[in-house]
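Next come the chains, spelled out residue by residue.
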Amino acid sequence: MNAMLSVSGVPSVCAWTLVCERSVLDRADGSAKWSQEGSSVLAAVYGPRQAKVQKEDAERAIVEVVYKPRAGLQSNEDRSLEMEIRGVLEGVIPLGMHPRTSIMVVLQVLQEDGSVLPCALNAACAALVDAGVPMSSMYASVACALTADERLLLDPDAAEEQAAKARFCFTFPHHFDLVKAAEGEAVVSEGVLGSRSFGSFSTEHLLEAFQVCRLGCERVAQFARLSLTKSLQAIT
Amino acid sequence: MSAASAAAAAIGKNFLVDISGPFNAVLPQLSFEGATRRNRPNLHPGDVVYARVVQAHRDTDPVLSCTDAAGRAAGFGHLKEGMVLSCSTSLARQLLGSPTAPVLEALGAGLQFELAVGLNGRVWLAAGTAATCVVVANAIQESEFKTEAQVRTMVARVLSRISAG
């Protein structure tokens, strides 16, 4: 089931389109395809299932991430992204609930036009929800670029990323406050789950990017909830 | 908690059973009504059993039993013939709910079949003909996201097509 939602801009960003399809793959325990503007990532989750004896941990589940680029073999950059994504997932999944198991997340980049890491993280979250893996909260991820003239651009495309002085990717957990609004308002946490930065920037830039990404995550959180609710409703 | 599962192997004094979880569950050979060391249940790999979960600690393999707490069979045990289909645990809970799920009520009014639902998402079905089994299995799968009215309409359409054809 898809839910397409056009989100209108947060300061210094144009409208960007988010699409999320769930249960795309038959054999995976959970899967999701997340698309934002030009980038698209397919995530498949297998688990919790029996871990290999060499890798199993007697007290907690192990999270394995495989990140496959759109073309070519995995590079060191891809392995570094795998570590980042694993860090984020270990932060939200209560690993102690399933000792000796492994939760494997396979991410395949289908299209890339900038902001691929947040797209992959969002796809992983949707796939984990589809698989029914327990999580302490859902999370949303957004990227931001610092241009040469000191402007922050949310969700940069490939050209903007190349031209940027610095790039940031922040991941925030979110929950819904059912008291605040009948529909449920997305409340993005003050603390951050993951942050990845590249390039040269000052502390002020980092903190400003943090705030801007946090606002961007609210939109992603609203969309994720809308998409999930629609996929679970009876087809009328 | 009940589970329909497939027996894997007899290891020592236990059967290993697949309950569609990360690990196989353990079903002691003596956990059947009237089982003694001389008189063991005759289960082979691929057999389906209806059992209840006695122990499900996160650190150990789950332990099953085919008797209730007093040692009687109470509907548990080897399920002979029939077919097994997999569904989501939420659909399994709907089928096990009370009052009876509308799809089962509607199907039961028109067809004869036997059904065992496990909370782990496995459903065992047996009926007079294979065609009836398939009809019931498809109807159950289709009913997951439908409202009660839609389910009744669907089952009515299916039953009328059977009686016509």
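Residues numbered from 1 in each chain as written. Chains lettered and ligands numbered in written order. Predicted model: local features only at pLDDT ≥ 70, side-chain atom pairs only at ≥ 80, totals over all residues. Heavy atoms only, no water.

Chain B is annotated in an unreviewed UniProt entry as K Homology domain-containing protein of Gonium pectorale. Listed under Subcellular location (unreviewed entry) in UniProt, the entry text for chain B is "Nucleus". (UniProt positions renumbered as here; feature names shortened; annotations may be inferred.)

As annotated in an unreviewed UniProt entry, chain A carries the name Exoribonuclease phosphorolytic domain-containing protein and comes from Gonium pectorale. Regarding chain A, the UniProt comment filed under Subcellular location (unreviewed entry) reads as follows: "Nucleus". Among the UniProt annotations of chain A, the heading Sequence similarities (unreviewed entry) holds the following wording: "Belongs to the RNase PH family."

Next up on the list: the sheet that holds strand 9 (residues 122-127) of chain B. Residues and elements named next belong to chain B. Taken in spatial order, the three strands make up an open sheet running 7-9-8, and their pairing is antiparallel. At either margin of the open sheet sits one strand with a lone partner, and together these are strand 7 (83-86) and strand 8 (113-117). Across the sheet, the axes of successive neighbouring strands diverge by a mean angle of 25°, strand direction being ignored. Both strand 7 and strand 9 contribute to a ladder of four bridges, which runs antiparallel. What sits directly across from S86, in strand 9, is R122. (Pairing = 2+ DSSP bridges. Helix = DSSP H or I, 4+ residues; strand = E, 2+ residues; numbered from the N terminus. Axes fitted to C-alpha atoms, helices over the stretch in contact; angles between N-to-C directions.)

Applying the stated criterion across every chain yields a total of eight aromatic pairs over all chains. Here the aromatic rings of F170(A) and F210(A) are separated by 5.6 Å at their centres, their planes lie at 80°, and the arrangement is edge-to-face. Taken together, the positions of F170(A) in strand 9 (residues 166-177) and F210(A) in helix 4 (residues 203-232) put the pair 40 residues apart, joining distant regions of the chain. Between the aromatic rings of F172(A) and F210(A), the centroid separation amounts to 5.2 Å while the plane-to-plane angle is 75°, which identifies the pairing as edge-to-face. Of the two residues, F172(A) sits in strand 9 while F210(A) sits in helix 4, which places them 38 residues apart along the sequence. Accessibility classification places F172(A) together with F210(A) in one group, the buried group. Among the aromatic residues, those joined into a ring-pair cluster are F168(A), F170(A), F172(A), F201(A) and F210(A). Above the face of the F23(B) ring, R100(A) is positioned so that its terminal group lies 4.4 Å from the ring centre. (Phe/Tyr/Trp six-rings, centres within 6.5 Å; stacked < 30°, edge-to-face > 60°. Buried < 20%, exposed > 50% of the residue type's maximum accessible area, 1.4 Å probe, protein only. Lys NZ or Arg CZ within 6 Å of the ring centre and 35° of its normal.)

With that settled, the discussion passes to the packing of helix 1 (residues 76-92) of chain A against helix 2 (residues 116-131) of chain A. All names here are of chain A. At a minimum axis separation of 11 Å, helix 1 and helix 2 run at an interaxial angle of 40°. In terms of orientation, helix 1 and helix 2 fall into the oblique class. Seen along the crossing, helix 1 lies across helix 2 with a hand that is right-handed. Facing L81, E84, I85, V88 and L89 of helix 1, the residues of helix 2 in contact are L117, A120, L121 and L128. Looking at the contact of helix 1 with helix 2 residue by residue, the class counts come to eight nonpolar, no polar and one charged. (Parallel < 35°, antiparallel > 145°, perpendicular 65-115°, else oblique. Left-handed = near helix turned anticlockwise from the far one by under 90°. Contact = heavy atoms within 4.5 Å. Nonpolar A, V, L, I, M, F, W, Y, C, P; charged D, E, K, R; others polar.)

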